[in-house]
Amino acid sequence: MIDMKNPSAIGITNNNGLRLKSLSKNFGEFTAVEDVNLHIKRGEFLTILGPSGSGKTTLLMIIAGFLEATTGDIEFDGFSIMSLRPEKRNFGMVFQGYALFPHMTVRQNISYPLEVRKGARDEIVRRVDEMLELVQLHSFGDRLPRQLSGGQQQRVALARALIFDPLVLLLDEPLGALDKKLRSDVQTQLKHLHRKVGKTFVYVTHDQEEALSMSDRVVIMNHGRVVQVGSPQELYERPSTIFASKFIGKSNILRGVVKQVDENEIVYIIGDKYFQQLASNENFSINDEIILALRPEKIKIVSCKVASNEVNILVGRVIDITYLGSTISVNVETDAVGEFILEVQAWCNQETLEKGREISFAWSLDAAFIVKDIKS
Ligand SMILES: Nc1ncnc2c1ncn2[C@@H]1O[C@H](COP(=O)(O)OP(=O)(O)O)[C@@H](O)[C@H]1O
Ligand SMILES: [Mg+2]
């Protein structure tokens, strides 16, 4: 039997982390998780991001050992852990509901995992003190969960999941029940906590902002499959599919036909309008379909005089304006390409914007990126 509490005792010295290999899970006819391959590095904050029903919880439950995969394998530091029961995997788990024991004090809740592991009394007291310090609840030890705010209860749940020194911490939408302001505070605390304890965090959320702001890497899931894996910046700057480009941030989708290709640029046509795009690694031939995603903030409003110098330019009528504080979101209807969404700086564009007004807008050669149109 592998001793998951002390992998180095059996000669595992390489920092391999957690490997998910071709994991699938069927519920009858329905495939909730399909062929997931993923390497989660030691100490990494990895977020699984996807819409509701995309298979995130199912995947986390398989990693935790509460659900059996239909096919595939999970390795930790090169050893399969598939046959290990949840408690033998030594992974901590925090769920969406805080799942604290309501009749137990904060101290009793936090010490519970060590009590069931039959730790020594003075060692338990010492560890609970450490954990209370870690989550900054030292003066709350004797309170009951109902005497705490939602954010404090969630920190108790975190302390309880960390007290037995787990190899990996699995968190399933742990901030889902908190209001927006509190959520953002606890996000910051959680990030600090991750840095302090240096453990591997696998974090599940459907909230893209949360994923981008907290994680080292993000895995985008849809329909049970991994769509794309990357750093927050990579995913925002270079989403590979239409789904990813719309799930992380907003995008205008342009569907054109390639008319000219050379090593520097691609010329494509939508309707009867020509556009240009920086050449990419993909090979395009004349008359191929090309799909591009264009971020609203990469489009600028131009005056007619300047407009003649711009490469990609369109004229449209403003149909909606949403003031967002530092920026303004503008919906524009064009005859040539349909509806567009632009996001422009509020301080310099306020006067020119008015519903019904005609505006010209433009984007540069390298502003859009080529995406694929696949199911996920
Ligand atoms: N025990 C189950 N039996 C049947 N279908 C299930 C079961 N658990 C989850 N599912 C289905 O699997 C899909 C993925 O669920 P889940 O992993 O909970 O998604 P997420 O956490 O991303 O919202 C959903 O369509 C859900 O209805
Ligand atoms: Mg879920």
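Asks: Whenever I open this one, the packing of helix 3 (residues 106–116) against helix 4 (residues 121–134) confuses me. Can you help?
Replies: Two quantities define a packed helix pair, namely the angle between the helix axes and the distance between the axes. Following both chains from N to C, one finds helix 3 and helix 4 inclined at 125°, their axes separated by 10 Å at the closest point. Between helix 3 and helix 4, the angle falls in the class oblique. Note that helix 3 runs across helix 4; the crossing there is right-handed. In this structure, helix 3 uses V106, R107, I110, S111, L114 and E115 to contact helix 4, whose residues at the interface are R121, I124, V125, R127, V128, D129, M131 and L132.

Asks: Explain the site of ligand 1 here, please?
Replies: Around ligand 1, the neighbouring residues are F27, F30, A32, P51, S52, G53, S54, G55, K56, T57 and T58. G53 places a polar main-chain atom, nitrogen or oxygen, 2.6 Å from an oxygen atom of ligand 1. Take K56: an N or O atom from its side chain is 2.9 Å from an oxygen atom of ligand 1. With the chains in place, 57% of the 560 Å² that ligand 1 exposes on its own is no longer accessible. If you list the elements that add at least two residues to the shell around ligand 1, you get strand 2 (30–40) and helix 1 (56–64). No other element matches helix 1, which puts 3 residues into the shell around ligand 1. Partitioned by chemical class, the residues of the shell around ligand 1 number 4 nonpolar, 6 polar and 1 charged.

Asks: Is there a simple way to think about the sheet that holds strand 5 (residues 79–80) in this case?
Replies: Sheets are built from strands paired through backbone hydrogen bonds, the pairs being either parallel or antiparallel. Strand order across the open sheet formed by 4 strands is 2-1-4-5, with antiparallel pairing between neighbours. Single-partner strands in this sheet number two, and they are strand 2 and strand 5.

Asks: Teacher, can you tell me more about the sheet that holds strand 20 (residues 369–370) here?
Replies: A sheet is described by the order of its strands in space; here 5 strands give the open sequence 13-12-11-14-20, paired in antiparallel fashion. Edge positions in the open sheet fall to strand 13 (273–278) and strand 20, since each of these has one partner strand only. Bridge count between strand 12 (residues 265–270) and strand 13: 6 bridges; the pairing is antiparallel. Within strand 13, the position partnered with I270 by the bridge is K273.

Asks: What exactly am I supposed to notice about the nonpolar core here?
Replies: A general trend in soluble globular proteins is that nonpolar side chains are found buried together. One finds I110 and L169 to be the most contacted residues of the largest nonpolar core, which totals 33 residues. For this core, the secondary structure elements donating two or more residues are helix 3, helix 4, helix 5 (150–162), strand 7 (168–172), helix 6 (180–197) and strand 8 (200–205). Each residue touching I110, except ones within four places of it in the same chain, is listed here: V128, M131, L132, V156, A159, R160 and I163. Formed by 29 residues, the second largest nonpolar core is a distinct cluster that contains V36, M61, I81 and L84.

Asks: Just to check I follow, could you spell out the pattern of salt bridges for this structure?
Replies: Opposite charge on two side chains lets them pair, provided their charged atoms get close. This model, assessed by the stated rule, comprises 18 salt bridges. Between E130 and R127 there is a salt bridge, with its nearest N and O atoms 2.6 Å apart. Within this pair, E130 and its partner R127 are both found in helix 4, separated by 3 residues, close to a single helical turn. On the basis of relative accessible area, R127 is assigned to the buried category, the value being 14%.

Scoring rules and cut-offs
Residues numbered from 1 in each chain as written. Chains lettered and ligands numbered in written order. Predicted model: local features only at pLDDT ≥ 70, side-chain atom pairs only at ≥ 80, totals over all residues. Heavy atoms only, no water. Axes fitted to C-alpha atoms, helices over the stretch in contact; angles between N-to-C directions. Helix = DSSP H or I, 4+ residues; strand = E, 2+ residues; numbered from the N terminus. Parallel < 35°, antiparallel > 145°, perpendicular 65-115°, else oblique. Left-handed = near helix turned anticlockwise from the far one by under 90°. Contact = heavy atoms within 4.5 Å. Near = heavy atom within 4 Å. Polar contact = N/O pair within 3.5 Å; in protein donor to acceptor, adjacent residues only side chain to side chain. Areas by Shrake-Rupley, 256 points an atom, 1.4 Å probe, with all protein chains shown as cover. Nonpolar A, V, L, I, M, F, W, Y, C, P; charged D, E, K, R; others polar. Pairing = 2+ DSSP bridges. Core = buried A, V, L, I, M, F, W, Y, C linked by side-chain atoms within 4.5 Å. Buried < 20%, exposed > 50% of the residue type's maximum accessible area, 1.4 Å probe, protein only. Salt bridge = Lys/Arg side-chain N within 4 Å of Asp/Glu carboxyl O.

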